[in-house]
Amino acid sequence: MADNPTIESVLTEERVFPPSKDFAENAYVKSFEEYERMYSEAASDLPAFWAKQAEALDWFSPWESVLEWERPHAKWFSGGKINASYNCLDRHLATKGDKTAIIWEGEPGEVRRLSYRELHTEVSKFANVLKGLGIRTGDRVAVYMPLVPELAIAILACARIGAPHTVIFGGFSADSIRDRVNDCGCKAVVTADGGYRRGREIRLKPIVDEAIAECPTVESVVTFRRTGTEIEMKQGRDHWWDELMSKASADCPPEHLDAEHPLYILYTSGTTGKPKGILHTTGGYLTQAAYSTKLVFDLKDEDIYWCTADIGWVTGHSYVVYGPLANAATVLMYEGAPNHPDFDRFWDIIERHKVTILYTAPTAIRSFIRWGREYPDRHDLTSLRVIGTVGEPINPEAWMWYHRVIGGERCPIVDTWWQTETGTIMISPLPGATPTIPGSATRPLPGIVVDIVAKDGRSAGTDEGGYLVVKEPWPSMLRTLWGDDERYKLTYWSEIDGCYFAGDGARRDGRGYYWVMGRVDDVINVSGHRLGTAEVESALVSHDSVAEAAVVGRPTRSRGRRSPHS
Ligand code: WTA
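Now for a look at the structure at hand.

Conventions and cut-offs
- Residues numbered from 1 in each chain as written.
- Predicted model: local features only at pLDDT ≥ 70, side-chain atom pairs only at ≥ 80, totals over all residues.
- Heavy atoms only, no water.
- 1 Å grid on protein atoms, 1.4 Å probe; cavity = no way out; pocket = protein on both sides within 12 Å on 5 of 7 lines; lining within 4 Å.
- Points joined across faces, edges and corners; volume = space filled by probe spheres on them.
- Helix = DSSP H or I, 4+ residues; strand = E, 2+ residues; numbered from the N terminus.
- Nonpolar A, V, L, I, M, F, W, Y, C, P; charged D, E, K, R; others polar.
- Salt bridge = Lys/Arg side-chain N within 4 Å of Asp/Glu carboxyl O.
- Axes fitted to C-alpha atoms, helices over the stretch in contact; angles between N-to-C directions.
- Left-handed = near helix turned anticlockwise from the far one by under 90°.
- Contact = heavy atoms within 4.5 Å.
- Buried < 20%, exposed > 50% of the residue type's maximum accessible area, 1.4 Å probe, protein only.
- Core = buried A, V, L, I, M, F, W, Y, C linked by side-chain atoms within 4.5 Å.
- Disulfide = S-S within 2.5 Å.

**Concerning the layout of surface pockets**
Within this model, the second largest pocket holds a volume of roughly 640 Å³. The wall of the second largest pocket is formed by 31 residues, among which Gln53, Ala56, Tyr291, Lys294 and Leu295 lie closest to the centre. Of all the secondary structure elements, the ones that give two or more residues to the lining of the second largest pocket are α2 (32–44), α3 (46–54), α5 (93–96) and α11 (283–296). When residues of the lining of the second largest pocket are assigned to their parent elements, the largest contribution, six residues, is made by α2. The residue makeup of the lining of the second largest pocket, split by class, is 14 nonpolar, six polar and 11 charged.

Here you go:
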């Protein structure tokens, strides 16, 4: 390709899988023609299209303008007042109060179910707990927890009072917590004593203690009891979740927030330097999260929906919490590892809970392939109707295995391309409409305008590799980098004139299908998670015997993308 020979594409794939007639007939979007019509209608008036999608949410007061766009700064639904927790909970109570919102399974095997009414009560109480600790609208709260319902409760409580949350993945170190908490000046940290992973207890609270010894803004720590392990509590600063909740009122009216009020900050790896605090705001983000969840998974009222991501990543924010709950879905959450107590844990969960939609990562699929098909074959997976992937390119062999062994050659596969920065899914098949080809994320969603360009901004030709860019603003786009607008402009808006570019190379084939080839910068994608070389280097040099370190990425058979020709 022009200017970058390293992202030459080598993939050729001819197998095409149209949706079954049965599936298409019952889907929201029933044919490729219908998708194309919807796409061009949206493209002809993007603000009108997105305004229509925003109407699916409940607003306390309507917006005055759909979009104010001064590149690279967007304001969506300006003047509108909204609350994300209200949209995920309160508005469902009249008709779906008793519907199960969360089915949670702990790694040791216990199962909890929370109805929308119960979840609403818990969230309202925890919002009052936060208020009682002096958290006000605009204050930042860090969350560092295992995958328990209380993690969802904590972030929805933050959203209820307008305190932006920053979730830090439970596998991160004390240093990562310290840097993130200090970067956004968090006033409180919500954590747990520990969690379970592969049968072992992972202690979390001691890691928080170590981190916030160097975090001057943190005034309180709330600890949820998950494992019951002994931990140290610092008088005046530390509180037990259950003790505060037992005294909290369940009455907490949601704040009426501006559409552009910050909903959360999520840190992601950069090519160089410290992690970037990606800022997402309320109205536009929730609009697109709700829209994409419904359309991409063809989500129906009776579905049992399972996205296997941890809420520590953006996938968990958009597709475990905000998107599905805004649609009043039943969401399954599983705390632990896929190979505990045995390699069939996922398939066992799907059979027992009759999961209908499964959304996971190519790296997980490659592990399943390695472990052998006897594990899924032990279970009845016929409840599944849509299966999806996210996080990295899926190699065609893995796609075919997923299609045959998990999808029973019956379930459409949605290979979804997006990023922490885009907030929600941008390119993906629609399961009832788009014929799929193994390895391609196919077409952009209606409302999304993408292109492949050379360095000078010229559109690339068919099958010519180039940079994947977004050409028009979209509601769930990041608004800036927390505290560093210059870096925001430089990182995303200066590489290709007039376009958003966040690092992926891709090509477009003769059908107009997109094939994402991966990063063109030196961010390393490990198991679907982005790590900066700088972060790996800093972890290495933190060891006493290491003076200097330089890190470069290298593909591996098991954890990286495998070329079909290798
Ligand atoms: C990669 C995860 C190919 C890509 C939601 C992107 C993908 C980065 C796909 C974002 C896909 C994600 N096909 N590559 N379907 N989905 N990627 O911010 O390189 O953790 O830039 O967001 O993952 O990773 P992030």
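Still more to cover.
**Some details on the pattern of salt bridges**
All chains considered together, the criterion is met by 41 salt bridges. Close ionic contact of Lys81 with Asp258 constitutes a salt bridge, the shortest N to O distance being 2.7 Å. Of the two residues, Lys81 sits in strand β3 (residues 81–82) while Asp258 sits in strand β13 (residues 257–258), which places them 177 residues apart along the sequence. Note that Asp298 is salt-bridged to Arg385, the shortest N-O span being 3.6 Å. Taken together, the residues Asp298 in the loop between α11 and β16 (304–307) and Arg385 in the loop between α15 (374–377) and β19 (386–390) connect sequence positions 87 residues apart.

**Here's the deal with the packing of helix α6 (residues 116–132) against helix α7 (residues 149–161)**
Their axes nearest at 8 Å, the elements α6 and α7 cross at an angle of 65°. As for the relative orientation of α6 and α7, their crossing is right-handed in sense. Residues Leu119, His120, Glu122, Val123, Ser124, Phe126, Ala127, Leu130 and Lys131 of α6 form the contact with α7, whose own contacting residues are Ile153, Ala154, Leu156, Ala157, Cys158, Arg160 and Ile161. Split into classes, the residues belonging to the contact of α6 with α7 amount to 11 nonpolar, two polar and three charged.

**Some remarks on the side chain of Thr389**
When you line up the elements, Thr389 lands in strand β19. Take Thr389: its relative accessible area is 0%, and that puts it in the buried class. Beyond its immediate sequence surroundings of up to four residues, Thr389 is in contact with Tyr359, Thr360, Pro362, Ile365, Ile394, Tyr402, Val414, Asp415 and Thr416.

**A word on the nonpolar core**
By size, the foremost hydrophobic cluster in this structure holds 127 residues, and its most contacted members are Leu119, Phe126, Trp241 and Tyr322. With 10 residues, the top contributor of residues to this core is α7. Excluding anything up to four places from it in sequence, Phe126 contacts Ile153, Ala154, Ala157, Val190, Val222, Trp241 and Met245. Ile304, Leu332, Leu358 and Tyr402 belong to the second-largest nonpolar core, a separate cluster that totals 28 residues.

**Topic: the state of the cysteines**
Under the criterion given, the structure shown has zero disulfides. This cysteine, Cys158, is not joined by any disulfide, and Cys186 carries the nearest cysteine sulfur, 9.4 Å off. Here Cys252 stays unpaired: no disulfide links it, and the sulfur of Cys158, its closest cysteine neighbor, is 11 Å away. For Cys252, a relative accessible area of 2% corresponds to the buried category.

Don't take any of this as a statement about function, it's just geometry.
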